[in-house]
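# Coordinates in review
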Amino acid sequence: MKFKSVEDLREAYPNAFKKDGSVDLTGRSEIEELPNDWHVPGTLSLRQCMGLTRLPERLNIDGALDMRRCESVSHIPDDLRVGQSMVITRNDLLSDLPEYLAIGGSLMISDLGNLERMPRNLKVGQDVSIAQCDKLKEVGMHLDIPGNLSINRCADLEELNIEINVGESLRLFEMPSMKEVAPKSRIHGDIIIGDCPHLAAVDPIFYATEILGVIKVDGEKVWPAPEPENPAP
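For the structure given in this document, a descriptive report is provided here. In every chain, residue numbers begin from 1 and rise along the written sequence. Selection of residues for local features in this predicted model requires a pLDDT of at least 70, selection of side-chain atom pairs for listing and counting requires 80 or more, and totals for whole chains, interfaces and linings are taken over all residues. Calculated side-chain values reflect all of the structure's heavy atoms, with hydrogen atoms and water omitted.

## Topic: a negative patch on the surface
Condition: Like-charged residues are merged into a patch within 9 Å and nonpolar side chains (Val, Leu, Ile, Met, Phe, Trp, Tyr) within 5 Å, provided each residue has over 30% relative accessible area and no salt bridge. Surface accessibility follows the Shrake-Rupley procedure with a 1.4 Å probe radius. Residue values consider only the protein chains on display as shielding. Any carboxyl oxygen of Asp or Glu within 4 Å of a side-chain nitrogen of Lys or Arg constitutes a salt bridge here. Just so you know, the count uses Lys and Arg for positive and Asp and Glu for negative, and it drops His and the chain ends. A charged residue contributes its charge at one atom only: NZ of Lys, CZ of Arg, CG of Asp or CD of Glu. For the purposes of this entry, the term helix denotes a DSSP run of H or I that reaches at least four residues, the term strand denotes a run of E that reaches at least two, and both are numbered from the N terminus.
A contiguous patch of negative charge on the surface is contributed by E174, D195, D218 and E220. Counting through the fold element by element, D195 comes out in the loop between strand 19 (191–194) and strand 20 (210–211).

This is the structure in structure tokens:
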């Protein structure tokens with residue numbers, strides 16, 4: 001089903017439109033297209049809308065956007081605006097995200113099997129979480145992240161060539177190809193690394209330009225260097 005107006009969509013799914021302005025279309029796999037120029041005053045749930053082929057142009061959401069298991073969406077328009085957080089999972093058609101994607105809260109993506117790069121000019125209001133994006137080769141962002149940056153299980157990612165200001169912690173787990181971490185970045189919190197074998201022996205000075213917390217690799221603190229148990233006299 002292809003909807004050209006919000007009125008038609010409301011008529012087809014009256015119970016989906018909530019009093020707080022949110023729209024819940026969870027599981028509506030028959031929807032192929034949604035109307036352009038749509039302003040959603042609350043949260044928009046498209047979870048398991050597996051027939052949806054694209055997001056509408058000029059979609060403006062004051063709340064959050066839930067795109068878990070929108071498996072047929074192949075393109076996200078450049079003018080998408082999300083006031084709160086955005087979640088995208090289980091999609092093998094998306095190869096990139098909008099260059100100037102603006103998210104008021106956190107961005108959480110996982111299981112995007114063909115995602116090759118992250119947008120350089122991404123804007124977020126809280127955290128960024130990237131997981132199980134095995135073809136991701138480029139994370140070259142220039143941005144401020146007020147919260148945490150977490151990257152997990154991205155098998156082909158070799159380096160974070162990024163200039164970022166991370167307000168909290170940088171967390172990296174289970175990345176066998178990762179060789180270099182954020183050499184031009186400022187990390188206000190900790191750097192936590194686990195199961196990244198190529199990083200285990202890297203001199204911590206190369207991890208970031210400035211670190212205000214500590215660096216832990218596989219559970220062990222490696223920077224600042226621990227005080228010796230028996231200091232020399």
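Continuing now.
## Section: the nonpolar core
We count it as follows: Residues belong to a common nonpolar core when they are buried Ala, Val, Leu, Ile, Met, Phe, Trp, Tyr or Cys residues joined through side-chain atoms within 4.5 Å. Only protein chains enter the accessibility calculation, which uses a 1.4 Å probe; a residue whose area is less than 20% of its type maximum is buried, one above 50% is exposed, and one in between is partly exposed.
Among the nonpolar cores identified, the biggest contains 68 residues, and L25, W38, M86 and M118 are the most heavily contacted of them. No other element matches strand 9 (residues 107–112), which puts three residues into this core.

## A closer look at the sheet that holds strand 15 (residues 163–166)
Quick reminder of the rule: At least two bridges found by DSSP between two strands is the condition for calling them paired.
Read across the sheet, four strands follow the order 12-15-18-20 without closing on themselves; strand pairing throughout is parallel. Edge positions in the sheet fall to strand 12 (142–145) and strand 20, since each has one partner strand and no second. Pairing between strand 18 (residues 186–187) and strand 20: two bridges, direction parallel. Bridged to R186 within strand 20 is E210.

## Observations regarding the pairing of strand 15
Residue alternation in strand 15 divides its side chains into a buried set, I164 and V166, and an unburied set, E163 and N165. Alignment of strand 12 against strand 15, held across four bridges, turns out to be parallel. What sits directly across from L143, in strand 15, is I164. Sheet topology note: the strand 15/strand 18 ladder contains two bridges and is parallel.

## A short note on the pattern of salt bridges
Applying the stated rule across the entire model yields seven salt bridges. In this structure, R54 engages E33 in a salt bridge whose closest nitrogen and oxygen atoms are separated by 3.5 Å. Within this pair, whereas R54 is found in the loop between strand 3 (44–45) and strand 4 (60–61), its partner E33 is found in the loop between strand 1 (23–24) and strand 2 (39–40), the two being separated by 21 residues in sequence. Among the residues examined, E33 registers a relative accessible area of 14% and is labelled buried. Sharing partners across several salt bridges, the network here consists of K4, E33 and R54.

## Quick look at the side chain of N91
Here is the rule: The definition of a polar contact used here is a pair of N or O atoms within 3.5 Å, where within protein one atom must be able to donate a hydrogen and the other to accept one, and adjacent residues in sequence count solely through side-chain atom pairs.
Position of N91 among the secondary structure elements: in strand 7 (residues 86–91). Overall, N91 belongs to the buried group, its relative accessible area being 1%. A distance of 2.8 Å separates the side chain of N91 from the backbone oxygen of C70, its partner in a polar contact. Here the side chain of N91 touches L94 through a polar contact of 2.9 Å, landing on its backbone nitrogen.

## What to know about the sheet that holds strand 19
Taken in spatial order, the 11 strands line up as 1-3-5-7-9-11-13-16-19-21-22 in an open sheet, and their pairing is mixed. With partners counted over all chains shown, the strands left at the sheet margins are strand 1 and strand 22 (220–223), one partner each. Note that strand 16 (residues 170–173) and strand 19 share four bridges and pair parallel. The partner of L172 across the bridge, within strand 19, is I193.

## Digging into the pairing of strand 11 (residues 128–131)
The pairing of strand 9 with strand 11 spans four bridges and is parallel. Following the sheet pairing, I109 is matched in strand 11 by I130. Pairing of strand 11 with strand 13 (residues 149–152), which is carried by four bridges, proceeds in the parallel orientation. Its bridge partner being in strand 13, S129 is matched across the sheet by S150.

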